[in-house]
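Report on the structure
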Amino acid sequence: MQSHPLTQNPWSVDADPEYGLIPLSPLYQIDRARYAIAAMARMVGNSASEPDATGGQPLDAWTVAALMGGVEGLCDHLGTLADAMLEQARACGADADPCGVLHDAPASLQ
């Protein structure tokens, strides 16, 4: 079978190993950010359908812009966490003592 871009896994990265050690605290932060983004998206989505659903007034433009700014800020935070986790996982792969790597976590993870 020929390789085609639509049949390849877009999340696979050939240069990195599949597994690495990272602390759990960034995963909890990612989980909290995921719930916050979902809540903001739900608020904006409900506001868009509010007049038809209940006859109520939708959120004003300033509030929607502020919520979307919050989503953008959380996405930036997720990017920072992902970069730090990848950096730490790569460092752990190069180090024979993973416990030492976990205690010397990048500042963005602490």
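Overview of the structure.

The rules behind the values
Residues numbered from 1 in each chain as written. Predicted model: local features only at pLDDT ≥ 70, side-chain atom pairs only at ≥ 80, totals over all residues. Heavy atoms only, no water. Helix = DSSP H or I, 4+ residues; strand = E, 2+ residues; numbered from the N terminus. Buried < 20%, exposed > 50% of the residue type's maximum accessible area, 1.4 Å probe, protein only. Contact = heavy atoms within 4.5 Å. Areas by Shrake-Rupley, 256 points an atom, 1.4 Å probe, with all protein chains shown as cover. Core = buried A, V, L, I, M, F, W, Y, C linked by side-chain atoms within 4.5 Å. Salt bridge = Lys/Arg side-chain N within 4 Å of Asp/Glu carboxyl O. Phe/Tyr/Trp six-rings, centres within 6.5 Å; stacked < 30°, edge-to-face > 60°. Lys NZ or Arg CZ within 6 Å of the ring centre and 35° of its normal. Expected span 1.5 Å × (residues − 1). Bend = angle between axes of the 7 residues up to and from the residue. Patch = residues over 30% accessible without salt bridge, like charges linked within 9 Å, V, L, I, M, F, W, Y side chains within 5 Å.

**Some words on the overall build of the protein**
Regarding its fold elements, the protein presents 3 helices and 0 strands. In sequence order, the protein lays out its α and β elements as α-α-α. The burial tally for the protein puts 17% of its 110 residues in the buried class. The contacts of the protein with a sequence gap of at least 6 include a subset with a gap of at least 24, amounting to 64%. Total accessible area on the protein stands at roughly 8,300 Å², and carbon and sulfur atoms take up 60% of it.

**Quick word on the nonpolar core**
Core analysis: the biggest nonpolar cluster contains 7 residues, these being Ala33, Ile37, Met40, Val44, Leu67, Val71 and Leu74. The greatest single-element share of this core, amounting to 4 residues, is contributed by helix H1 (residues 25–53). Those residues within four positions of Met40 in sequence are excluded, and the remaining contacts are Leu67, Gly70, Val71 and Leu74.

**What to know about the pattern of salt bridges**
The tally for this structure, following the rule as stated, stands at 1 salt bridge. For Asp31, the salt bridge is made with Arg34, and the minimal N-O distance between the two is 2.9 Å. Placement of the pair is Asp31 and Arg34 together in helix H1, with a separation of 3 residues, close to one helical turn. Exposure remark for Asp31: the relative accessible area of 32% places this residue in the partly exposed category.

**So, the packing of aromatic side chains**
Tallying each qualifying case throughout the model produces 0 aromatic pairs. The side chain of Arg34 reaches across the aromatic face of Tyr35, ending 4.1 Å from its centre.

**A closer look at H1**
For H1, spanning 29 residues, the distance from its first C-alpha to its last is 40 Å, which sits close to the expected 42 Å at 1.5 Å a residue. A bend of about 35° at Ser47 is the largest found in H1, and the proline Pro51 appears one to four places after it. Just past H1, the residue Gly55 takes up positive phi, approximately 85°.

**Some details on the environment of Ala48**
Positionally, Ala48 belongs in helix H1. The exposed category is assigned to Ala48, whose relative accessible area is 64%.

**Some remarks on a nonpolar patch on the surface**
Together, Leu24, Leu27 and Tyr28 give the surface a local cluster of nonpolar side chains, amounting to about 330 Å² of exposed area. With respect to the secondary-structure elements, Tyr28 resides in helix H1. With relative accessibility at 56%, the residue Tyr28 sits in the exposed group.

**Some details on the environment of Ala36**
Its place among the elements puts Ala36 in helix H1. As a C-alpha pair, Ala36 and Leu74 span 38 residues in sequence and 8.2 Å in three-dimensional space.

**Looking at the side chain of Ser47**
Among the secondary structure elements, Ser47 is positioned in helix H1. Residue Ser47 is classed as buried on the basis of its relative accessible area, which comes to 8%. Excluding residues that lie within four positions of it along the chain, Ser47 makes contacts with Pro58 and Leu59.

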